[in-house]
Amino acid sequence: MMLRTAAARLASTPAATRAFASASAAPAGVSFVLSETQREFQELARKFAAEEIIPKAAHHDRTGEFPKEIIKKAWELGLVNIHIPEAYGGLGLGVFDGALISEELAFGCTGVQTAIEANGLAQAPVILAGNDAQKKKYLGRMTEEPLMASYGVTEPGAGSDVAGLKTRAVKKGDKYVINGGKQWITSAGHANWFFVLARTAEDPKTPAGKAFTGFIVDADSPGITLGRKEINMGQRASDTRAVTFEDVVVPAENVLGKEGEGFKIAMGAFDITRPLVAAAAVGLARRCLHEAATYATQRKTMGTAIINHQAVSFMLADMAMGIEASRLLVWRSAEMRDRGERNTYYASAAKCMAADVANKCAADAVQVFGGAGFNTEYPVEKLYRDAKIFQIYEGTSQIQRVILSKFIADQYKA
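About the cut-offs
Residues numbered from 1 in each chain as written. Predicted model: local features only at pLDDT ≥ 70, side-chain atom pairs only at ≥ 80, totals over all residues. Heavy atoms only, no water. Helix = DSSP H or I, 4+ residues; strand = E, 2+ residues; numbered from the N terminus. Rg over C-alpha atoms; globule rule 2.2 N^0.38 Å. Buried < 20%, exposed > 50% of the residue type's maximum accessible area, 1.4 Å probe, protein only. Salt bridge = Lys/Arg side-chain N within 4 Å of Asp/Glu carboxyl O. Disulfide = S-S within 2.5 Å. Axes fitted to C-alpha atoms, helices over the stretch in contact; angles between N-to-C directions. Left-handed = near helix turned anticlockwise from the far one by under 90°. Contact = heavy atoms within 4.5 Å. Nonpolar A, V, L, I, M, F, W, Y, C, P; charged D, E, K, R; others polar. pLDDT = per-residue confidence, 0-100. Arc of directions from axis to C-beta. Polar contact = N/O pair within 3.5 Å; in protein donor to acceptor, adjacent residues only side chain to side chain. Core = buried A, V, L, I, M, F, W, Y, C linked by side-chain atoms within 4.5 Å. Patch = residues over 30% accessible without salt bridge, like charges linked within 9 Å, V, L, I, M, F, W, Y side chains within 5 Å. Areas by Shrake-Rupley, 256 points an atom, 1.4 Å probe, with all protein chains shown as cover.

Another point: the overall build of the chain. Check the secondary structure of the chain and you find 12 helices and 10 strands. Radius of gyration (C-alpha) of the chain: 21 Å, near the 22 Å computed for a compact globule of 414 residues. Overall size of the chain, expressed as C-alpha extent along the three principal axes, is 80 × 60 × 45 Å. Residues classed as buried in the chain amount to 55% of the 414 residues present.

Time to look at the pattern of salt bridges. Inspection of the entire model under this criterion finds 24 salt bridges. Between E230 and R228 there is a salt bridge, with the nearest N and O atoms lying 3.4 Å from each other. Classification of E230 by relative accessible area gives buried; the value is 15%. Judged by relative accessible area, R228 falls into the exposed class, the value being 55%. For R385, the salt bridge goes to E381, with nearest N and O atoms at 2.9 Å.

Attention now goes to the state of the cysteines. By the definition in use, this model includes zero disulfides. With no disulfide of its own, C288 has C361 as its nearest cysteine by sulfur position, at a separation of 6.0 Å. Assessed through its relative accessible area of 0%, C288 is described here as buried.

A word on the packing of helix α4 (residues 95-108) against helix α8 (residues 262-298). Between α4 and α8, the shortest axis-to-axis distance is 7 Å and the interhelical angle comes to 35°. Between α4 and α8 the crossing geometry is right-handed. Of α8, the residues touching α4 (which contributes V95, G98, A99, S102, E103, E104, A106, F107 and G108) are I272, P275, L276, A279, A280, V282, G283, L284, R286, R287 and H290. Looking at the contact of α4 with α8 residue by residue, the classes come out as 11 nonpolar, five polar and four charged.

What follows deals with the confidence of the model for the chain. Of all residues in the chain, 93% have pLDDT values of 70 or greater, and the mean over the chain is 93. In the predicted structure, residues 14-27 sits below a pLDDT of 50 and forms 31 contacts with residues beyond four places in sequence or in another chain.

Q134, K135, Y138 and L139 are the residues of helix α6 (residues 132-139) that are buried. Looking straight down α6, one finds that the buried residues subtend no more than 95° of arc, so they occupy a single side. Those residues of α6 that are exposed and angled more than 90 degrees off the buried face are A133 and K136. Turning to α6, the residues buried within the fold contact α5 (110-129), β4 (191-199), β5 (212-218) and β8 (255-256). Regarding α6, its N-cap is N131, as a side-chain oxygen of that residue lies 3.2 Å from the backbone nitrogen of A133 further along.

Grouped together as the largest cluster of nonpolar side chains are 51 residues, with contacts concentrated most on L284, C288, V330, C361, V368 and F390. Residue assignment for this core shows that the elements contributing at least two residues are α4, α8, α9 (310-338), α10 (344-369) and α11 (380-387). Of all the elements, α8 adds the most residues to this core, at 15 residues. Ignoring sequence-local partners within four residues, the contact set of V330 consists of A99, P275, A278, A279, V282 and A350.

Right, let's get into a nonpolar patch on the surface. A contiguous nonpolar patch, built from V30, F32 and L328 and spanning about 350 Å² of accessible area, is present on the exposed surface. Of note, V30 is situated in the loop between α1 (2-12) and α2 (36-63). Judged by its relative accessible area of 72%, V30 falls in the exposed class.

The subject of this paragraph is the environment of Q38. Mapped onto the elements of the fold, Q38 is located in helix α2. Spatially, the C-alpha atoms of Q38 and L100 are 7.9 Å apart, while their sequence positions differ by 62 residues.

Moving on, we get to the side chain of D386. With respect to the helices, strands and loops of the structure, D386 is situated in helix α11. Reaching out from D386, the side chain makes a polar contact with the side chain of K382 at a distance of 2.6 Å. Once you skip the residues sitting within four places of it in the chain, D386 turns out to touch T110, G234, Q235 and L284.

Here it is as structure tokens:
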């Protein structure tokens, strides 16, 4: 009951007082103080992770079973679809609020957190570019029952190279016909609808900024075929599949924005979602520190707890520094987006650093555990497997460095 009350209080809070929603709402100078409502929602997510996610995470990791019941409970508490505007039945939270929640859920299990956050990625293009009718139809239904949605951009031959997408959409009258295949699509096996990016320009020389169009595609459309659930290295609670589109007919009313604006819309969504993925990486890193420090106080060698050995304590110190620095980058990128500033530089920096820190923390946690860390009976081997994907999805760590280096080059060019 206390958790529902916190969610209701957050829903009734004026948007301008949430998550640095506007420049005028931001305090003068620099502040790291969360509002009372933000602290309550942070605690809501933390309590949910402790009571609902952590006890069941190992089961979903072993079986690969999709965490339907966990997602349903999260949806009931208001922890799913948090960015849907209030006009369409959601809480209308900003990126900063979402980052607070993502970190706490990821502390419990990043596989479950990814399954929950997949909705936010799919919804972001609709929130950014959808018209009122599209938002009512596709966002509204998400607040009426615990449905899932998927973001369909990546293809077998086009991951980081989004401009290399081969899926095509051809206009025929007042409809489009889509043909092609997507790969590594999160929650595809449970999606009610997809955001799909497809090439609509016939001229292969058309620049990416004008060559692609974004579509909302109902998952039950004839011609959609789902691949098997992929058995991945980590984050096994998340459902990942290939999706094939064969003569899938989509009404023109399901075009997001205008024809040719899809690439811009898809890239704009990353400025929202990369800080959230980075926040999840911080949550995993924090869990690594928690497990390693707890174990280090219990395990004894040479007559003392290993936390008293400098070799171990320095690894814990490095974890703590990385976590705190990464979180600050997450907060900076999220706060900028909520104030309406372009945050691409900081979103990439946050995503890249948090991903690298998560992987370093996971490796060090295994090292602190020693032989036990290599064993499935202990929690850190799962964290180690779960961490790797943060350097790959939502733009690889190399792509983030490309983005950052271009900003730097532009700044220093004569």
